[in-house]
Amino acid sequence: MGLPIPHSKLGMWLFLATEIMFFSAFIGAYIVLRAGSPGWPDDPEITHLRVWAGGLNTFVLILSSYFVVLALEGMKVENFAKARRYLCLTLLLACVFLGIKSYEYAGKFQYDILPGHIPETPRMAIDKSMREMKQVVDQRAITLSAAKLPEKTEPVNPEDTVEVAGVTDEKTEEVETPVEELRQQLQAELAAEDTPAARKKELQTYFDLGDKYRKLNDRALEESISMQEMNKELETLKQDPQYASLMAPVHFLQPIIYGNLFASVYFLLTGFHALHVVIGMLLFIIVLIQGRRLSKKWKDYVENIGLYWHFVDLVWIFLFPLIYII
Amino acid sequence: MSDQHDHAYVKYSSIFYALCICTGLSIVFDVIDLKKQNIIGMNGVVLLAVLVLAVACAKALFVLIYFMHLKFEGRWKYVLLSPTIVLAMGLTIAITPDIGIHYYTNEAPQIDYLEQARETAAKTDALNPEKSHVE
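Residues numbered from 1 in each chain as written. Chains lettered and ligands numbered in written order. Predicted model: local features only at pLDDT ≥ 70, side-chain atom pairs only at ≥ 80, totals over all residues.

## Some thoughts on the nonpolar core
Going by this rule: Buried Ala, Val, Leu, Ile, Met, Phe, Trp, Tyr and Cys residues whose C-beta atoms connect them within 7 Å together make up a nonpolar core. In this scheme the burial state of a residue depends on its C-beta neighbours within 10 Å: 20 or more other such atoms mean buried, 12 or fewer mean exposed, and anything in between means partly exposed; the C-beta positions come from the backbone. Helix and strand labels come from DSSP, where a helix needs a run of H or I of at least four residues and a strand needs a run of E of at least two; each type is numbered from the N terminus. Contacts here follow a simple rule: the backbone-placed C-beta atoms of the two residues must lie within 7 Å.
The biggest cluster of nonpolar side chains holds 70 residues, and the ones touching the most others in it are Ala71, Ala83, Val302, Val315 and Trp316 of chain A together with Val52 of chain B. Residue assignment for this core shows that the elements contributing at least two residues are α1 (7-35), α3 (51-76), α4 (80-110), α11 (259-288) and α12 (299-325) of chain A together with α1 (5-31) and α2 (44-67) of chain B. The element contributing the most residues to this core is α12 of chain A, with 14 residues. Aside from chain neighbours lying at most four places away, what touches Ala83 of chain A is Ala71, Gly74, Met75, Leu294 and Val302 of chain A. Leu203, Tyr206, Leu216 and Val250 of chain A belong to the second largest nonpolar core, which has 17 residues in total.

Okay, here's the thing in structure tokens:
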């Protein structure tokens, strides 16, 4: 004698058992890492985690879970119109959930709260801003000369880029030469008499910005500038209408202790959860495209995807307090 | 079975309301900002963690028992779920002593900066580098 449940349901429960271990490995790792990292970022002003967004998403998932239960009730009493209606609403709520999630992700990208992008000390923050500013200046040279360049290699580590100002290092010299050549061409163009005035103005702006970068970079290398001073200097440049559009990619300096670990964990946990939401949506769509053909034989299927969806809700129930509140 | 459906319908909605109230409760715990306070001699963060995780567990149980119908299932549910739950908790407990609790002091630039920041914050309340960010 087997178990008194359909095979598919047993399969779903076994799958959910593996899912429990999958998520608890990540959640457990997060709890332990956090306990072992003094000064973990928990200020919403720094992490840009919005409790209202997380809370709203919790509500959305709970409501969708409730609708799934009602859909299953509809299937049981063979009221297929009701089942379809509630499954539709669930699908809609899943879209709302992903919408709020992508709004939050967009905020993370805007403030560059991404794994491997976050400076954790003031020194690292200054290095990062100089790297960003160098990219702005180089990019401007490329745009101005509208010339194709060989693929730029990523700087191996922040120190390399800060040292570029001196251009004595063999490794960096090799990479930087093309931009340097462009710079000389642009210099020649600026000096030439037949260059139009508008073009000259553009070129002058580029060279002024380049000079400002080099001055700031020298001070950064001498370590004679503090993070607050650097922020003030960059802010002045951003306020200047000449440079405002160019300086947009340079971020405000904001060291976050353990920020990279935080960002990795945040994107790993919420990313895997969002992936589960997307898969759940596909499962709902499979029922909904049946339209009027929806019949009694789909009852087990709806029950199983319902179990899956409740599990997705369950994971979020734990992620919300762990990530947003504590 | 079918005569129970109307009854079940009412029950599901009350579970839904209970879940909403629990979510509201978590947000209230966040809003009253227990972290900075020191109630009944307990570290605020620990107290907050205990409270919100207790609420989360209550919510999880509501979902498991009623929405996922575990209340109405046979004993197979214990056989199937207890090993995974033991393993899941076991993993966390196993990695805690090494990563979560150090007997040694971590050597990392972040830690040095944290100590510097705490010292400056202790000396002058003004201009804590972490709080200087304006949106």
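Let's pick the thread back up.
## With respect to the packing of helix α5 (residues 122-145) of chain A against helix α8 (residues 197-222) of chain A
A pair of packed helices is characterised by two quantities: the angle between their axes and the separation of those axes. Residue and element names in this part refer to chain A. To keep it simple, the criterion reads: Axis definition: a line fit to C-alpha positions, over the contact stretch in the case of helices; interaxial angles, taken between N-to-C directions, run 0 to 180 degrees. Roughly parallel means an angle under 35 degrees; roughly antiparallel means over 145; roughly perpendicular covers 65 to 115; every other angle is labelled oblique. Throughout, a crossing is termed right-handed when the near helix is turned clockwise from the far one, and left-handed when it is turned anticlockwise from it by less than a right angle. Here the term charged refers only to Asp, Glu, Lys and Arg, the term nonpolar to Ala, Val, Leu, Ile, Met, Phe, Trp, Tyr, Cys and Pro, and the term polar to all other amino acids, Gly among them.
Contact geometry of α5 with α8 gives a least axis separation of 10 Å together with a crossing angle of 155°. The orientation of α5 relative to α8 falls into the category roughly antiparallel. As for the relative orientation of α5 and α8, their crossing is left-handed in sense. Residue-level contacts link Ile126, Met130, Met133, Lys134, Val137, Arg140, Ala141 and Leu144 of α5 to Glu202, Leu203, Tyr206, Leu209, Gly210, Tyr213, Leu216, Asn217 and Ala220 of α8. Residue classes in the contact of α5 with α8 are distributed as twelve nonpolar, two polar and three charged.

## What about the packing of α3 of chain A against α12 of chain A?
Residue and element names in this part refer to chain A. In contact at an axis separation of 9 Å, α3 and α12 are set at 165° when each is read in the N-to-C sense. Considering their axes alone, α3 and α12 lie roughly antiparallel with respect to each other. Taken as a pair, α3 and α12 cross one another with a handedness that is left-handed. Along the lines of polarity and charge, the residues of the contact of α3 with α12 split into 15 nonpolar, seven polar and four charged.

## Some points on the confidence of the model for chain A
Heads up, the condition is: You can read pLDDT as the predictor saying how much it trusts each residue, on a scale of 0 to 100.
The pLDDT averaged across chain A works out to 85; a share of 90% of its residues lies at or above 70. In this model, residues 163-173 of chain A is a region of pLDDT below 50 whose contacts with residues beyond four sequence positions or in other chains number 13 contacts.

## Looking at the interface of chain A and chain B
Each side of the interface is counted separately: chain A has 49 residues, and chain B has 48 residues. Taken together, the elements giving at least two residues each to the side of chain A that touches chain B come down to α1, α2 (44-47), α3, α9 (227-239) and α12 of chain A. Per-element accounting of the side of chain A that touches chain B gives the leading share, twelve residues, to α1 of chain A. Class assignment of the residues belonging to the side of chain A that touches chain B gives a composition of 33 nonpolar, eleven polar and five charged.

## Notes on unusual backbone geometry
You will see that Glu78 of chain A, though not glycine, has its phi angle at about 60°, which is positive. Phi is positive for His69 of chain B, close to 60°, though the residue is something other than glycine. Counting through the fold element by element, His69 of chain B comes out in the loop between α2 and α3 (76-100). Classification of His69 of chain B by C-beta neighbours within 10 Å gives partly exposed; the count is 18.

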